[in-house]
Structure formats: C-alpha cells, structure tokens
Amino acid sequence: MRRQLERTLWATAFLAVLLAPVLLAPVLHGPGPRDGSSLLSQLSVGMGLLATSMLVCVVVLPSRLRSLTRTLGIDGVLGIHRFVGLAVTLLVGLHIILVVAAKPANVALFDIVHAPNRARTAVGATVALGALVALTVLRRRLQQRYEVWRWVHVALTGSVLVLSALHIWWLNHLVRDTAMRALFTVLAVAALGVLGYRWLWLPLRGPRREYVVRELRPETSTVSTLVLEPRRRDGHRRGYRTLEFAPGQFAWIRLNPSIGAQEHPFTIASSAHVGLWTEFTIRHSGDFTSELRQLRPGSPVWVDGPHGAFTLDLRRCTGLVMIAGGVGITPMMSMLRTLAHRRDRRPHRLVVVARTLDDLLFRTELSQLQQKLDLTVIELLRQPPPSWTGASGAVDEDLLTALLPGTFRRNQLDYYLCGPPAMVTDVLTVLDGLDVPQPRIHTEQFDLV
Ligand SMILES: Cc1cc2nc3c(=O)[nH]c(=O)nc-3n(C[C@H](O)[C@H](O)[C@H](O)COP(=O)(O)OP(=O)(O)OC[C@H]3O[C@@H](n4cnc5c(N)ncnc54)[C@H](O)[C@@H]3O)c2cc1C
C-alpha cells in the first residue's frame, strides 16, 4: 500500500516536472506562433523545454533517494535514467534541427567564436551531452575503468546542467515572464537540492553510519564474507545503531568517509532478523573488492543503506523461484536465511548457476536450509568436471519446466533473478517462453553501466 502510494507520488512528481514548462509556455504566450515566430520555432522551443525538464529527472533518478530505489528497484531506476537520458539527447537533436529549419541563417550560431553567449552555451551543452552518451555506450569497448568513467560521467552531467541553465538564462525570452521564471527557479532549486543531498549531505553524515569489521570469512579462493557490526556510540540510546533492512536489499560501502572516496554497492547477505551483525559476501574481482580483502577485524567501514526493491517483503506470493548466477546468490541467501528465521512453510526453488564446482557458494548451508524450509535446490555448472552428475549448460525451458509446477500455480509464484546481465537476460527470455507474468519477475544485475 505504502509502496503503491510512493509509486503514485513519484510518477506524479516526474510528470509535473516533465510537463509544467511545456504546458505553461503556450498558456503565457498563446497557443500559436507569436512575434512573427514560425510554428517550427515554437516547436523547437517546446522540444528544448521538454529536454530541460527531462534533464532534471535524469539527475534526480540516480541520486540515491531511498524512497525512489525502494519504489522502482535499482534496475528500474537505472533503466529509466538511461532511457530518459537518451530521450534528452534525441530531443536536443530535434531542437537544433528545428532551430535551423525555422531560420536557416541560424547555422551561424554554431560559429562559437562569433556567436552570442546563448549559442555558445548551447553548443557546449550539446557537445558535453554527446560525449556523455558516447562514453556510456562505448565504456566496455574502451575498457575504461569504472571509477574513471563515473567521475567523467558526473563532470559531463554537471557541465550539461550548468551550460543548459546559462543557455536558458541568456535566451532571456524564456525567463521574461514571472511565472516562467518562477518555474525555472523551482526546477533549479529541486535539482540543486537533490544534488546537494547526494554529493554533500550523504557523504558528510557518514560518520554516524560507521561500522567495524568483525570478521572476514573466506568462502572460496575469490569470494569472502565481510561481517560488520555497528561502532559503539556512547550518545545513542542502546549504544549501537543497527542496519534495518528487508532481505535482498543492498548498501553502499566505503572505506573512507571523505566526499570523494570510492563507494561500491553490495547486497546484504545476512538474515534481516540477525540483529547486530550485517554480512556481505563479496567476490574480489577488482581494485576496491581487493582492498576489502585486506581489512582486519576492527577496521572502520562506512555503510549507506539499505537501498533497492529486490526483496520478498514487498509482495505476496505462494512461493519463490530464485535463479542466481555466481555471487548473485547473495540476495537469495538473505531471503532464505530470513525465511528460515520466520519458519516459512511455502515451497521455494533455487537454481544456483556457477562456472565451475569450486565457484559454487554456500553448499553446506543450503543443505541445512533444506532441512528447515520446503526448498528445492538445483546446482548448474557452466563448465562441469567429468565426474559431475548434476545439471550443466544454461538455464533453459526444460530445466525450468521440470522445476516449476503447472501453469496456474506457476503464475502465483514470484521469480527473483540476480547475476551477470547476460544470464539475467537469457533467463528472462526463457520465463517469457513459459508465459510467466511479467509483474511476477524481479531482477537485479550486479552492474550499474
Ligand atoms: C545492486 C548491486 C548489488 C551488488 N551486490 C554484490 C554482492 O553482494 N557481492 C559482490 O561481490 N558484488 C556485488 N555487486 C557488484 C559490485 O558492486 C562490484 O563487483 C564492485 O563494485 C567491483 O568493484 P571493483 O573496484 O573491485 O572492481 P572493478 O574491476 O573496478 O569493477 C568491476 C565492475 O564492477 C562494476 N563497478 C565497479 N565499481 C562500481 C561502483 N562503484 N558501483 C557500481 N558498480 C561498480 C562495474 O560494472 C565494473 O565494470 C553488486 C552490484 C550492484 C549494482
């Protein structure tokens, strides 16, 4: 109910931001062309206004507003962020084409040496926007480090915002009317407020969310579990500030409270009912995760969370079907551990996909959980050894048909997919082939780009 309300409120807020400038402009200026301006130039203004409001939405979406990630999930937030970002680029392209089509002499505005400030800022914003999209699309091909990509992405986004604001300011006719000026001020304050929350308030309030490492437990040669406990704070009522979360949610971890420090997302793997300790199971794949491996008991760690909507606590179903690839098993472990604490009686199914036998995680604990829960576990290896008698290859229709009940009961289950993007996409296709209802499928991909 609360989630539905939050969803409705966010949808209304985004719609209001998107439509207000486009709807207000004709009300103030009259519906038709004015001052001799052509329909094409009116259209170009409309496209520009829509692109501006969409830009505000693009900035707000990934700003870690907890209510937003809880409502849409991180995959949903980032999917919409990318989609709206591309739409802004398209609208800016159309805006420029229409500016020239309305008055061919406007081509001279591209000459940034002689052009007025309003045109220079527009060219600058367009170039920054083009670079932003190109770097995002080509990131993997360019093999750019995530951290470098992220800071370039943030810097380019800031440039697009500032240059677009200056473009509107220097255009003058858009901010001449008091109502329009008030609207742009509200949009600017909203964008600045959200950016201030994300880049100042969140990092600066870090010390209140300080944890210490209790233990770093190896799981395999490349994966270990980081156990954290809150740092004791004398001022707090009970001395500790524990992390309350729903099973399947994630948190951002940093090893340094300063504003520019690296911060990475990890799913909370422990039960939501354990209390004091919070566990994260982490594959040491790159620089940050390797740094985590060096942590010693007592080392400080800063946690921002919980975030995300990839949790069983937001929905009702008759049982769960969980399909996990590699370390994507972490949210499933949190859900299963929590269900065991709750003495859940529903039938659940878990497919664990791993590359080799050594990569299979939590085998012993999963057999213990099978004693406590009505849980079927299928382990599937992509590269099985000759002695392997279990499932191998890919998660396909045969495997899921054998695992799932008939169509009617199948549609009452909730499906949770987590793992590498390619695996999640493949399993989505299989579930689609089995006519599993879309709203029943929930995904989380351990990749933000
Ligand atoms: C919602 C979510 C939950 C996750 N949960 C887990 C988990 O429980 N266990 C686990 O082992 N991994 C998890 N990951 C993946 C984990 O965040 C990355 O593996 C980690 O950030 C890699 O950092 P690195 O510097 O060691 O590796 P790098 O080699 O620098 O990065 C490897 C890849 O990880 C991604 N990545 C890197 N830095 C970040 C960042 N700051 N934010 C987001 N993505 C980044 C990029 O796609 C990059 O290509 C999760 C990711 C997401 C989005």
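The following paragraphs examine the structure supplied in this document. All figures in this text were calculated on a predicted structure; none of them were measured in a lab.

### Here's the deal with the nonpolar core
Alright, step 1. With 90 residues, the main nonpolar core has Leu55 and Met332 as its most contacted residues.
Alright, step 2. Among the elements that take part in this core, helix α2 (residues 39-60) stands out by supplying 12 residues, more than any other.
Alright, step 3. With 5 residues, the next largest nonpolar core counts Ile168, Leu174, Met180 and Leu183 among its residues.

### Topic: the sheet that holds strand β9 (residues 374-381)
Two modes of strand pairing occur in sheets, parallel and antiparallel, and in both the strands are linked by backbone hydrogen bonds.
Alright, step 1. Spatially, the 6 strands line up as an open sheet ordered β10-β9-β8-β7-β11-β12, and their pairing is parallel. The sheet is open, and its two borders are formed by β10 (391-392) and β12 (441-445), each paired with just one other strand.
Alright, step 2. Summarising the sheet, strand β7 (residues 320-325) and strand β8 (residues 347-354) pair through 5 bridges and their orientation is parallel. Opposite Ile323, over in β8, you have Val351 as the bridge partner.

### Brief notes about the site of the ligand
Alright, step 1. Near the ligand, the surroundings consist of 24 residues, among which His264, Thr267, Gly286, Phe288 and Thr289 are the closest.
Alright, step 2. When grouped by side-chain class, the residues that make up the shell around the ligand number 12 nonpolar, 7 polar and 5 charged.
Alright, step 3. A domain split of the shell around the ligand shows at least three residues from each of domain 2 (208-307) and domain 3 (314-445).

### A few points about the environment of Gly93
Alright, step 1. Mapping Gly93 onto the fold places it in helix α3 (residues 66-102).
Alright, step 2. The exposure class assigned to Gly93 is partly exposed, which follows from the 15 C-beta atoms found within 10 Å.
Alright, step 3. Residues Gly93 and Ala51 lie 42 residues apart in sequence; the distance between their C-alpha atoms is 9.9 Å.

### Concerning α2
Alright, step 1. With 22 residues, α2 extends 32 Å between its outermost C-alpha atoms, agreeing within 8% with the 32 Å of an ideal straight helix rising 1.5 Å per residue.
Alright, step 2. The buried count for α2 comes to 16 of 22 residues, which makes it a mostly enclosed element.

### Section: helix α8 (residues 330-341)
Alright, step 1. For α8, with 12 residues, the first-to-last C-alpha span of 17 Å sits near the 16 Å given by 1.5 Å per residue.
Alright, step 2. In terms of residue burial, α8 counts as a mostly covered element, since 10 of its 12 residues are buried.
Alright, step 3. Every buried residue belonging to α8 is among Thr330, Pro331, Met332, Met333, Ser334, Met335, Leu336, Arg337, Thr338 and Leu339, and all of these are buried.
Alright, step 4. In the segment just after α8, Arg343 is the residue with positive phi, at about 50°.

### Notes on the sheet that holds strand β3 (residues 250-254)
Alright, step 1. In spatial order, the strands read β4-β3-β6-β1-β2-β5; together these 6 strands make up an open sheet with antiparallel pairing. Each of the sheet's edge strands pairs with one partner strand only, and the pair in question is β4 (264-267) and β5 (278-283). Direction aside, neighbouring strands of the sheet carry axes that sit 40° apart on average.
Alright, step 2. Across 4 bridges, the pairing between β3 and strand β6 (residues 300-307) is antiparallel.

### Description of the packing of α2 against α3
Alright, step 1. Interaxial distance between α2 and α3 falls to 8 Å at its minimum, and their mutual angle equals 160°. As judged from the angle between their axes, α2 and α3 are roughly antiparallel. Like other packed secondary-structure pairs, α2 and α3 cross with a definite hand, here left-handed.
Alright, step 2. In terms of residue class, the contact of α2 with α3 is made up of 19 nonpolar, 6 polar and no charged.

Cut-off values and rules
Residues numbered from 1 in each chain as written. Predicted model: local features only at pLDDT ≥ 70, side-chain atom pairs only at ≥ 80, totals over all residues. Core = buried A, V, L, I, M, F, W, Y, C linked by C-beta atoms within 7 Å. Buried ≥ 20, exposed ≤ 12 C-beta atoms within 10 Å, placed from the backbone. Helix = DSSP H or I, 4+ residues; strand = E, 2+ residues; numbered from the N terminus. Pairing = 2+ DSSP bridges. Near = placed C-beta within 6 Å. Nonpolar A, V, L, I, M, F, W, Y, C, P; charged D, E, K, R; others polar. Domains from an automatic or database assignment. Expected span 1.5 Å × (residues − 1). Axes fitted to C-alpha atoms, helices over the stretch in contact; angles between N-to-C directions. Parallel < 35°, antiparallel > 145°, perpendicular 65-115°, else oblique. Left-handed = near helix turned anticlockwise from the far one by under 90°.

Keep in mind these numbers describe shape, not what the thing actually does.
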